[in-house]
Amino acid sequence: MSSVVLITGAATGIGNLTARALAAAGHTVYASMRDVEGRNAERAAELLDLARRAEQDLRVVELDVQSDASAEAAVATVLDERGRLDTVVHNAGHLYVGYVEAFTPEDIQRLLDINTLGIQRVNRAALPHMRSRRSGTLLYVGSTTSVVAPPFLGPYVASKFAADALAQVTAYEVGQFGIETTIVMPGPFTQGTEHFANADRAGDAERTRAYAALDAMVARNEEATEGLFPPDVDAHPRAVADEIARVMALPAGTRPFRTVVDFSQAGVEQINEVLRRAQEEFVTRLGFGELLHVAGAGS
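Read on for a plain summary of the structure. Every value quoted in this text rests on a predicted model; they were computed, and no experiment measured them.

## Focus on the sheet that holds strand S4 (residues 87–90)
Here seven strands make up an open sheet; going across it, the order is S3-S2-S1-S4-S6-S7-S9 and the pairing parallel. Edge positions in the open sheet fall to strand S3 (58–62) and strand S9 (258–261), since each of these has one partner strand only. In this sheet, adjacent strand axes meet at a mean angle of 20 degrees when their direction is disregarded. Note: strand S1 (residues 4–7) against strand S2 (residues 28–33), four bridges, orientation parallel. Note on S2: the bridge partner recorded for leucine 6 is tyrosine 30. Across the sheet, helix H1 (residues 13–24) lies against S1, S2, S3, strand S6 (136–141) and strand S7 (179–186), angled at about 170 degrees from S1, the strand it touches most. Strands S1, S4, S6, S7 and S9 of the sheet are contacted by helix H9 (residues 238–249), whose axis makes an angle of about 155 degrees with S9.

Structure, rendered in structure tokens:
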């Protein structure tokens, strides 16, 4: 069954690839991005041209996840045009690279605002509609860094940890209104995204210089990451888009809570399973076992 899908951060990378994959699968896709009329005008035009050529229902909508009003307006556009919103794909994010001490509190506050609070803004815009229909899917593009924390990405890792926690606890609550949650956890990629190319650096140059002895490690971070990939494997983020399309094609009530797309072989799946068992036992002992199941799933 086709869904009406809103994707955040769809100008480039995983979000853009996911918009294309879901539109090709027959879904109505709203690819959202900032500054549709300005710096992302060319990217928006590319998606709209693809939609015309391939006769797909792929649309573009303005959405800045740092703005409550923008999130509300984007969801309102979807509802005005299509009458429903079935799935939100939380993908928007940004990367900071550097030494934790050298990031100012303002640096970290900005990244949390994009990567974590942005999710909350969009959920607050979309969930009233989903709750009223007692159906829907929240699909988060998380990260394996929320399990295996790499060096030199401290604020990014913190934002992903926080976003993952928010998604988990939100899932308990919205599940009682028939809303499913899936957290897709990509591993690292060194091609196919603009993550590293567009990454910001720590704002305190003096503190950064104090860590100069580690600069060589930072410089070879991407090379070291590529060394984790098995030989002859195309570690490309289109695999994440394909996994999202696979999850979306599953019947309601059968979608996994977590799924991992990781070419670095970090063992995240095994850790997830241990955490799942511990979490389920803990919540059940609290007497809230019903929160572990989506109300009406599969019915």
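Okay, back to it.
## Details of the packing of helix H3 (residues 68–82) against helix H4 (residues 105–133)
Relative orientation and spacing of two packed helices are given, respectively, by the angle between their axes and the distance between those axes. Two numbers describe how H3 lies on H4: the axes approach to 8 Å, and their chain directions differ by 35 degrees. As H3 runs across H4, the sense of the crossing is right-handed. Facing Asp68, Ala71, Glu72, Val75 and Leu79 of H3, the residues of H4 in contact are Arg121, Val122, Arg124, Ala125, Ala126 and His129. A class-by-class count of the residues in the contact of H3 with H4 yields six nonpolar, one polar and four charged.

## Looking at the nonpolar core
Ranked by size, the top nonpolar core spans 30 residues in total, and within it Leu6, Leu85, Val88, Met130 and Leu138 carry the most contacts. Ranked by residue count, the leading element in this core is H4, at seven residues. Leave out the neighbours within four places in its chain, and leucine 138 touches Val88, His90, Asn123, Leu127, Met130, Thr170, Val174, Ile179, Glu180, Thr181 and Thr182. In this structure, Ala23, Leu50, Ala239 and Ala245 belong to the second largest nonpolar core, which totals 29 residues.

## As for the side chain of histidine 94
One can find histidine 94 in the loop between S4 and strand S5 (96–97). Within the local environment of histidine 94, its side chain forms a polar contact with the side chain of aspartate 200, the two groups lying 3.0 Å apart.

## Some details on H1
Between the first and last C-alpha of H1 there are 17 Å, a value that for twelve residues agrees with the 16 Å anticipated at 1.5 Å per step. Of the residues making up H1, those classed as buried are Gly13, Ile14, Gly15, Asn16, Thr18, Ala19, Leu22 and Ala23. Just downstream of H1 lies glycine 26, where phi reads positive at about 100 degrees.

## Some thoughts on unusual backbone geometry
At arginine 134, a residue that is not glycine, the phi angle is positive and equals roughly 55 degrees. The phi angle at aspartate 232 is positive, at roughly 65 degrees, despite the residue not being glycine. Following the sequence through the fold, aspartate 232 ends up in the loop between helix H8 (221–226) and H9.

Parameters and conventions
Residues numbered from 1 in each chain as written. Predicted model: local features only at pLDDT ≥ 70, side-chain atom pairs only at ≥ 80, totals over all residues. Heavy atoms only, no water. Pairing = 2+ DSSP bridges. Helix = DSSP H or I, 4+ residues; strand = E, 2+ residues; numbered from the N terminus. Axes fitted to C-alpha atoms, helices over the stretch in contact; angles between N-to-C directions. Contact = heavy atoms within 4.5 Å. Left-handed = near helix turned anticlockwise from the far one by under 90°. Nonpolar A, V, L, I, M, F, W, Y, C, P; charged D, E, K, R; others polar. Core = buried A, V, L, I, M, F, W, Y, C linked by side-chain atoms within 4.5 Å. Buried < 20%, exposed > 50% of the residue type's maximum accessible area, 1.4 Å probe, protein only. Polar contact = N/O pair within 3.5 Å; in protein donor to acceptor, adjacent residues only side chain to side chain. Expected span 1.5 Å × (residues − 1).

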